Structure formats: structure tokens, C-alpha cells
Amino acid sequence: MNAWFDSETFAQLRARRGISWGERLDVHDVTASTNDCAFEAARQGTAEGAVFVAGRQTAGRGRRGNRWLAPPGENLTFSLLLRPERSLVELSQLPLVVGLAVREVVASRLSSMAREALVKWPNDVLVGSRKIAGILVESRLREGDVSVTVVGIGLNVLTARFEGELAGSATSLSRERASIPKEHALEELLVELLDSLERRFVRFCRDGLESFLPELSVTDALRGRRVRIGEVTGEALGIGDAGELLVLDDAGARHALSAGHVEILASRQSRPDGTA
Ligand code: BTN
């Protein structure tokens, strides 16, 4: 029994929702990275849907070699083991679909007066301009085929104040005054996330990214904003059919970018249709 996470409560909530993922749940007080736990379990033949959750990671990682920092026991830090029969190109679109699932859960907990929860291409969820969740999808190949995909998610839940390098850029559900239960918040949120992820993943494997494009368009944190990504500076136009970020640069050239870190340079300009 872990003080910060009750597996029994999780199992009951999961059964009530009827989701298939999370039947195997490994809870670690401390581990290096839950993504590594998932890869190790995959190596031992563990089936799709296993979940690995940690109170604290000593080497939590983000994209592009960044660290993932989270105060211990207050937030959700977990990884999900998947075995999708999809190409690497298709799997590169998965973080956006995961972002939609996380955003849905975050938004469902925010009051109508709160700042909006949005997906920031390619793998973050923001509330206003602050990051509330990060997503790291990693795949390992066997003989040219993808054999294992691990979806790692860090969602800030209970941390009221962020210190140091996170002070100006991070937020949490508590900080946004979201409605979260006083007891078993992490267990409830994990079940909701798995439910939302499982539904979208099934649809992604069946219909591809295309069926998510309308939802991505209305929850896009970048559309209409002035951004810098690598050498390109201009206005973000939205997300393309293959999951690329479309940018109109200052010289009037269009770019379809498939990777990179986006810096938001200015707040949203109003759109021609009048929406903010
Ligand atoms: C990012 O913002 O660049 C992605 C952050 C992903 C963090 C999660 S926490 C659970 C899982 N284990 C890790 O080591 N990283 C991911």
C-alpha cells in the first residue's frame, strides 16, 4: 500500500468504468522513469494496456533531452505500454491524439470561468499560457517493425506553487482551482485519463489522425499566434493532415513542420471568424 496512491480504489473505479487498460498496474514510490519501467516490462512479454505509475522519478525525461520535474506524490506521472501495429510515421502523430485525451480530462475539471485548456503542438497541454501536462511517446523497433510504444504522461494535479525553473511556466489543476476530489484525486484522474486515451487510441488505429483534425483545430493553442520554431518565425495556421504544424513565415512562405520546439512570441490575434 502506497500512501499517495491506493491501488484498490483505482481497481474499483476502473471496473466501474469498464475500461480494459490498467488491469496490470505497477505502483512505484520512486523509480528512474516510468517509461523505462514500461519498456522493461515489454521486454518480459507484458501485454498491451499495462500501466506504470510513480510517486517520484529520479530521471524523468521529456522530449528533446529535457528533464521532467514534478514534486513527489502530488501529481500523475505514469506510462502506458502499447503494441500498436502502426508505422513509425503514423505513430509520430500519436502525441497529438494523446494530447486531446489529456486535454479533455483537464477541461472537464475546469470551471467555465477558468482559462481554456488547449493542446500545444506537438505534445503539451496548456491552461492559458502555462503547461499543465507533458507527453512523451517512445517506440522501439524490432526488425524494422514497431514492436512496443510507450506513452508517458506527466499531469500536474495538486502542486499549488511551482518553484525554480517551473515558477513562471507550469500550472496544475489545483492552481487553476479545478474541481478535484479531496480524496483519491490521482486514482480518479488516472482512470479518467485511461478511459479517454483508450477510446481515442482505438479510433486512431481504425481511422487514423484524419478523424481527429476537427477536434485538433478547435483546441489548438497555437493557431493564430506568432511563433518561432527553429529558423522559422511567423503565424501558426493550424495542424496539417499528417500532423505537421503549418506556419506562414514573415516573408509569406508556408511551412509544414514535422518536429521542433515552438516558442510562442505573442498572444492570440483575433481570427477572421471573430473567435479569440
Ligand atoms: C515533455 O514535456 O517534454 C514530456 C514530458 C513527459 C513526462 C512523462 S512523466 C511519465 C513518463 N516518464 C518519463 O520519464 N517521462 C514521461
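Residues numbered from 1 in each chain as written. Predicted model: local features only at pLDDT ≥ 70, side-chain atom pairs only at ≥ 80, totals over all residues. Heavy atoms only, no water.

**Q** Can you break down the site of the ligand residue by residue, with the values?
**A** Within the structure, the ligand sits among 21 residues, and S33, Q57, R61, R63 and K131 are positioned closest to it. Q57 is positioned with one of its side-chain polar atoms (N or O) 2.9 Å from a nitrogen atom of the ligand. In this structure, R63 approaches the ligand through a main-chain N or O atom, which is 2.7 Å from an oxygen atom. Spatially, the ligand is embedded in the largest pocket. Of all the secondary structure elements, the ones that give two or more residues to the shell around the ligand are α2 (34-43), β3 (76-82), β6 (130-142) and β7 (145-155). Ranked by the residues each element gives to the shell around the ligand, the list is headed by β6, at 4 residues. (Near = heavy atom within 4 Å. Polar contact = N/O pair within 3.5 Å; in protein donor to acceptor, adjacent residues only side chain to side chain. 1 Å grid on protein atoms, 1.4 Å probe; cavity = no way out; pocket = protein on both sides within 12 Å on 5 of 7 lines; lining within 4 Å. Sits in = over half its atoms within 2 Å of the grid points. Helix = DSSP H or I, 4+ residues; strand = E, 2+ residues; numbered from the N terminus.)

**Q** Go over the pairing of strand β9 (residues 232-239), please, and point to the residues and values.
**A** Pairing geometry for strand β8 (residues 226-229) and β9, over 4 bridges, is antiparallel. The partner of R228 across the bridge, within β9, is T233. Counted along the chain from β8 to the antiparallel partner β9, the turn is 2 residues long, and its residue G230 has a positive phi close to 60°. Relative to strand β10 (residues 245-249), β9 runs antiparallel, the two sharing 5 bridges. Residue pairing for β10: G234 is matched across the bridge by D249. Where β9 folds back on β10, the antiparallel hairpin that results is connected by 5 residues, among which G243 adopts a positive phi of roughly 90°. (Pairing = 2+ DSSP bridges.)

**Q** Describe the packing of helix α1 (residues 7-17) against helix α5 (residues 185-207), naming the residues involved and giving the relevant values.
**A** In a packed pair of helices, the relevant descriptors are the angle between the two axes and the axis-to-axis distance. Their axes nearest at 9 Å, the elements α1 and α5 cross at an angle of 35°. Once α1 is placed against α5, the crossing between them reads as right-handed. On α5, the residues that touch T9, F10, L13, R14 and R17 of α1 are E187, E188, L190, V191, E192, L194 and D195. A breakdown of the residues in the contact of α1 with α5 according to their chemical character gives 5 nonpolar, 1 polar and 6 charged. (Axes fitted to C-alpha atoms, helices over the stretch in contact; angles between N-to-C directions. Left-handed = near helix turned anticlockwise from the far one by under 90°. Contact = heavy atoms within 4.5 Å. Nonpolar A, V, L, I, M, F, W, Y, C, P; charged D, E, K, R; others polar.)

**Q** Lay out the pairing of strand β5 (residues 124-127) with the relevant residues and their values.
**A** Going residue by residue along β5, you find D124 and L126 tucked away on one face and V125 and V127 tucked away on the opposite face as well. Pairing geometry for strand β4 (residues 117-120) and β5, over 4 bridges, is antiparallel. Paired with L118 across the bridge in β5 is L126. The antiparallel pairing of β4 with β5 creates a hairpin that spans 3 residues between the two strands. Between β5 and β6, which pair antiparallel in sequence order, lie 2 residues; one of them, G128, sits at a positive phi of approximately 60°. (Buried < 20%, exposed > 50% of the residue type's maximum accessible area, 1.4 Å probe, protein only.)

**Q** Report on the sheet that holds β9, specifying residues and quantitative values.
**A** The sheet built from 5 strands is open, its strands ordered β11-β10-β9-β8-β12 with antiparallel pairing. If you trace the sheet from one side to the other, it starts and ends with β11 (254-257) and β12 (262-264), each paired once. Taking the axes of each pair of neighbouring strands and ignoring which way they run, one obtains an average angle of 45° across the sheet.

**Q** With reference to specific residues and values, describe empty space enclosed by the protein.
**A** Summed over the entire model, instances satisfying the criterion amount to 1 cavity of 30 Å³ or more. Its boundaries defined by the atoms lining it, the largest cavity holds a volume of some 70 Å³. Taken together, W21, L80, L82, L94, V97, V98, A101, V151, L197, R200 and F201 form the lining of the largest cavity. Those elements that provide at least two residues to the lining of the largest cavity are β3, α4 (94-109) and α5. Here the lining of the largest cavity gets 4 residues from one element, more than from any other, and that element is α4. Each residue belonging to the lining of the largest cavity can be placed in one class, and the counts come to 10 nonpolar, no polar and 1 charged. (Points joined across faces, edges and corners; volume = space filled by probe spheres on them.)

**Q** Tell me about the environment of L81, and name the residues and values.
**A** If you trace the backbone, L81 turns up in strand β3. With relative accessibility at 0%, the residue L81 sits in the buried group. Residues in contact with L81, not counting those within four places in the same chain, are A38, A42, T46, A47, E48, G49, A50, F52, V148 and T149.

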